[in-house]
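Tertiary structure, described
In case you want the letters, here they are:
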Amino acid sequence: MTVPPPLPRAGFVTVMAKLSLLVAGLGVAWSLLQALGALLLPDGAVARLAAQPEVPAGVIWALEHRLGLSLLGLALAVLFLAASWGLLKRQEWARWTFIAFLVGTAALNFAGLAAIGHVFDTMLAMFPADMLDTPDGREFLAQMQASRMLSYGSGLLGALAFAGLHGWIVWKLCTAPARDEFRRPGA
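Criteria and cut-off values
- Residues numbered from 1 in each chain as written.
- Predicted model: local features only at pLDDT ≥ 70, side-chain atom pairs only at ≥ 80, totals over all residues.
- Heavy atoms only, no water.
- Helix = DSSP H or I, 4+ residues; strand = E, 2+ residues; numbered from the N terminus.
- Rg over C-alpha atoms; globule rule 2.2 N^0.38 Å.
- Buried < 20%, exposed > 50% of the residue type's maximum accessible area, 1.4 Å probe, protein only.
- Contact = heavy atoms within 4.5 Å.
- Lys, Arg positive; Asp, Glu negative; His and termini not counted.
- Charge placed at Lys NZ, Arg CZ, Asp CG, Glu CD.
- pLDDT = per-residue confidence, 0-100.
- Axes fitted to C-alpha atoms, helices over the stretch in contact; angles between N-to-C directions.
- Parallel < 35°, antiparallel > 145°, perpendicular 65-115°, else oblique.
- Left-handed = near helix turned anticlockwise from the far one by under 90°.
- Nonpolar A, V, L, I, M, F, W, Y, C, P; charged D, E, K, R; others polar.
- 1 Å grid on protein atoms, 1.4 Å probe; cavity = no way out; pocket = protein on both sides within 12 Å on 5 of 7 lines; lining within 4 Å.
- Points joined across faces, edges and corners; volume = space filled by probe spheres on them.
- Core = buried A, V, L, I, M, F, W, Y, C linked by side-chain atoms within 4.5 Å.
- Phe/Tyr/Trp six-rings, centres within 6.5 Å; stacked < 30°, edge-to-face > 60°.
- Salt bridge = Lys/Arg side-chain N within 4 Å of Asp/Glu carboxyl O.

**Concerning the overall build of the chain**
In terms of helices and strands, the chain carries eight helices and zero strands. Moving toward the C terminus, one meets the helices and strands of the chain in the order α-α-α-α-α-α-α-α. For 187 residues, the compact-globule formula gives about 16 Å, and the C-alpha radius of gyration of the chain, at 23 Å, lies well above that figure. For the chain, the spread of C-alpha atoms along the principal axes amounts to about 85 × 40 × 20 Å. When burial is assessed residue by residue, the chain has 27% of its 187 residues classed as buried. Restricting the contact set of the chain to residue pairs at least 6 apart, pairs at least 24 apart contribute 74%. Positive and negative side-chain charges in the chain, numbering 13 and 11 respectively, have mean positions lying 23 Å apart.

**Remarks on the confidence of the model for the chain**
Residue-level pLDDT values for the chain average 89, and 92% of them are 70 or greater. For the chain, per-element mean pLDDT is lowest for helix H6 (residues 129-132), which scores 81, and highest for helix H4 (residues 66-88), which scores 96.

**Looking at the packing of helix H2 (residues 43-50) against helix H3 (residues 57-64)**
At a minimum axis distance of 10 Å, the contact between H2 and H3 shows a crossing angle of 170°. Classed by the angle they form, the pair H2 and H3 counts as roughly antiparallel. For the pair H2 and H3, the crossing hand works out as left-handed. Along the contact surface, H2 presents Val46, Leu49 and Ala50, while H3 presents Ile60, Leu63 and Glu64. The residue makeup of the contact of H2 with H3, split by class, is five nonpolar, no polar and one charged.

**Regarding the layout of surface pockets**
In this structure, the largest pocket spans a volume of roughly 310 Å³. Surrounding the largest pocket, 13 residues form its lining, Ser20, Phe80, Phe98, Leu102 and His166 being those nearest its centre. The residue makeup of the lining of the largest pocket, split by class, is 10 nonpolar, three polar and no charged.

**Here's the deal with the nonpolar core**
With 15 residues, the main nonpolar core has Leu87, Phe98, Leu102, Ile169 and Leu173 as its most contacted residues. For this core, the secondary structure elements donating two or more residues are helix H1 (11-40), H4, helix H5 (92-125) and helix H7 (135-174). If we skip the residues at most four places from it in the chain, Leu102 touches His166, Ile169, Val170 and Leu173. Counting residues in each nonpolar core, the second largest holds five residues, with Ile116, Phe120, Leu124 and Met144 among its members.

**A short note on the packing of aromatic side chains**
Per the stated rule, a full pass over the model turns up three aromatic pairs. With centroids separated by 5.5 Å and ring planes inclined at 85°, the aromatic side chains of Phe12 and Trp168 adopt a geometry described as edge-to-face. Of the two residues, Phe12 sits in helix H1 while Trp168 sits in helix H7, which places them 156 residues apart along the sequence. When its relative accessible area of 43% is taken as the criterion, Trp168 is described as partly exposed. Ring centres 5.1 Å apart and planes at 65° place the aromatic pair Phe80 and Phe101 in the edge-to-face group.

**Re the pattern of salt bridges**
Across all of its chains, the model carries five salt bridges by this definition. Measuring nitrogen to oxygen at the nearest pair gives 2.7 Å for the salt bridge that ties Glu181 to Arg90. Taken together, the positions of Glu181 in the segment after helix H8 (176-179) and Arg90 in the loop between H4 and H5 put the pair 91 residues apart, joining distant regions of the chain. Taking the relative accessible area as the measure of exposure, Glu181 reaches 4% and is therefore buried. Accessibility expressed as a relative area gives 0% for Arg90, which makes it buried. Note that Arg148 is salt-bridged to Asp121, the shortest N-O span being 2.5 Å. Remark: Asp121 occurs in helix H5 and Arg148 occurs in helix H7; sequence separation between them is 27 residues.

**Brief notes about the environment of Leu32**
Within the element layout of this structure, Leu32 appears in helix H1. A sequence separation of 22 residues divides Leu32 from Glu54, and the C-alpha atoms of the two residues are 30 Å apart.

Take a look at the structure:
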């Protein structure tokens, strides 16, 4: 019985996999640091922050769930690391998992745009209304409005750029030459 020749390998998939391994490794390290920080932050410090009315409820929620959020981030980073390794080894499951990460990340970038207005509204709510009704306060409000628009515009441009890049990578991974590089289970 003769062994079939190895599948041809394009540099694109290899480079993508190696870059993704680097990003995933950094993600795992960052998630481990976050989990360590979550463990070291005492619950009493979170309770003291929660007692302060100027601290946004979303911040308090994130701090109260810090370990779970850190472990979720770690799990996603490990899954991305596994998908990147599988991509390098030309595993079909890894190709689809990698594509799902690309599409999910692009969608999250657009979803994050909705948070920009909330962040600015939360920051403005921390200032007393009588302070905002002064000439300096009105100038501050105008600067905040300009910053909000700039943040939204740059966030939208970034989301569009990453959606375009991720869409192109997904397309490349779905072309026949790229698909042919990947082993299917039982093949």
